[in-house]
Amino acid sequence: MKKELIHFVEWKKIPEENVESVLADLQSWGVKNIVAHPYWFRDGRENYVEKMAERLKRFNLRSTACHALWGKGNDLIQFDDNVYQEMCRKHLAFLDELSLLNVSTYTIHLGYLQDCSIEKNFSMIRQTVDALLPGAEKNRITLALENSAESIEVIEKLAGLVNSYQSEFVGMCFDSGHANCYQTGIKNTLEIMQNDIVTCHLHDNYGSFDDHNPPTQGNTDWAELTALLDTLPRLHHAETESGDWGRESWEKFCQYTA
């Protein structure tokens with residue numbers, strides 16, 4: 001694979017007193033770049049991103065990809081105006097903090113609602129992207145809209161929406177595990193999204209459940225996948241996203257994406 005591999009670590013499960021020892025371990029494994037975590041956003045209680053930036057420098061690490069705040073009240077589609085305004089405020093504040101790390105992609109979930117029409121969902125997606133785009137442009141961070149559990153028809157419409165912006169700061173995150181599990185397979189989903197993929201989340205499964213496994217613990221054809229990733233015109237980097245982020249997992253990702 002031609003692009004840099006960035007390693008995901010589940011920081012919310014790591015006690016604060018162990019953070020620096022984990023960073024030392026990562027450095028010893030040969031990791032150079034880690035995914036910035038939404039857990040690092042402390043919403044004004046402290047600038048934890050600044051603390052992490054100092055630590056990363058000491059351990060000769062970088063963090064140039066970030067997973068956005070996600071889950072209830074944080075995804076793009078919010079029809080309650082109070083929740084919507086708070087969601088936008090938090091994302092914009094986090095984008096401001098992340099500029100310190102030279103983050104270049106910010107992967108964000110749609111929060112697609114199956115009980116709403118596709119038109120209503122996409123009206124809200126566009127409204128939220130419009131609201132977040134000035135903050136993304138200011139901090140030179142590309143919003144990367146992710147394929148999650150949506151149908152392939154939704155992904156096709158999402159690709160069209162992203163392309164309509166014609167902006168370097170609006171793109172897509174291709175999640176290989178989600179494509180394998182929820183859409184029509186990795187190759188078909190990637191080909192629909194390919195022109196605007198700026199980052200990708202890599203993990204394995206058997207096509208029936210979103211297991212978030214490392215390579216070889218699923219039915220992904222890793223040689224085909226990495227060859228496809230090398231064709232993407234806007235790709236910044238690739239991200240591991242296995243629930244098992246230990247040394248053996250990291251080494252498998254390195255082996256199968258080489």
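Attention in this report is confined to the structure presented alongside it. The structure presented is a predicted model; accordingly, all values stated were derived computationally and were not measured.

A few words now on the pattern of salt bridges. On inspection of all chains with the given rule, the structure shows 12 salt bridges. Across the pair arginine 62 and glutamate 4 runs a salt bridge, and its minimum N-O distance is 2.5 Å. Linking arginine 62 in strand 3 (residues 62-67) with glutamate 4 in the segment before strand 1 (5-6), this pair joins segments that are 58 residues apart in sequence. Its relative accessible area of 39% is what places arginine 62 among the partly exposed residues.

Of the volumes computed, that of the largest pocket is approximately 460 Å³. Forming the walls of the largest pocket are 19 residues, and the residues nearest its centre are Phe8, Glu10, Trp70, His212 and Glu241. A class-by-class count of the residues in the lining of the largest pocket yields five nonpolar, seven polar and seven charged.

Mapped onto the secondary structure, asparagine 102 falls in the loop between helix 3 (81-98) and strand 4 (105-108). Owing to a relative accessible area of 60%, asparagine 102 belongs among the exposed residues under this scheme. Separated by 73 residues in sequence, asparagine 102 and tryptophan 29 have C-alpha atoms that sit 23 Å apart.

This next bit is on the side chain of glutamate 10. Of note, glutamate 10 is situated in the loop between strand 1 and helix 1 (19-29). When neighbours within four sequence positions are excluded, glutamate 10 is seen to be in contact with His37 and Trp245.

Trp11, Leu23, Leu98, Tyr106 and Leu145 are the most contacted members of the largest nonpolar core, which totals 77 residues. In contact with leucine 23, other than residues within four places in its own chain, are Trp11, Ile34, Met52, Arg55, Leu56, Phe59 and Leu61.

Reading guide: rules and limits
- Every chain begins its residue count from 1, and numbering advances along the sequence as written.
- Under the rules for a predicted model, residues below a pLDDT of 70 receive no local features and side-chain atom pairs below 80 are neither given nor counted, while totals for whole chains, interfaces and linings still include all residues.
- As a convention, hydrogens and water are excluded, and side-chain values are obtained from all of the structure's heavy atoms.
- Salt bridge, as used here: a side-chain nitrogen of Lys or Arg that lies within 4 Å of a carboxyl oxygen of Asp or Glu.
- Segments assigned H or I by DSSP are reported as helices when at least four residues long, segments assigned E as strands when at least two residues long, and all are numbered from the N terminus.
- Remark: exposure states derive from per-residue accessible area (1.4 Å probe, protein chains only) relative to the maximum for the residue type, with buried under 20%, exposed over 50%, and partly exposed in between.
- Cavity and pocket criteria rest on a 1 Å grid covering protein atoms alone: a 1.4 Å probe that fits but cannot get out defines a cavity, protein on both sides within 12 Å along at least 5 of 7 lines defines an open pocket, and an atom within 4 Å of a point defines a lining residue.
- Grid points are joined across faces, edges and corners, and a volume is the space filled by probe spheres set on the points.
- Gly is put with the polar residues, along with every residue not named as nonpolar or charged; the nonpolar set is Ala, Val, Leu, Ile, Met, Phe, Trp, Tyr, Cys and Pro, and the charged set is Asp, Glu, Lys and Arg.
- By definition, residues are in contact when any of their heavy atoms lie within 4.5 Å.
- The criterion is simple. A nonpolar core is a set of buried Ala, Val, Leu, Ile, Met, Phe, Trp, Tyr and Cys residues joined through side-chain atoms within 4.5 Å.

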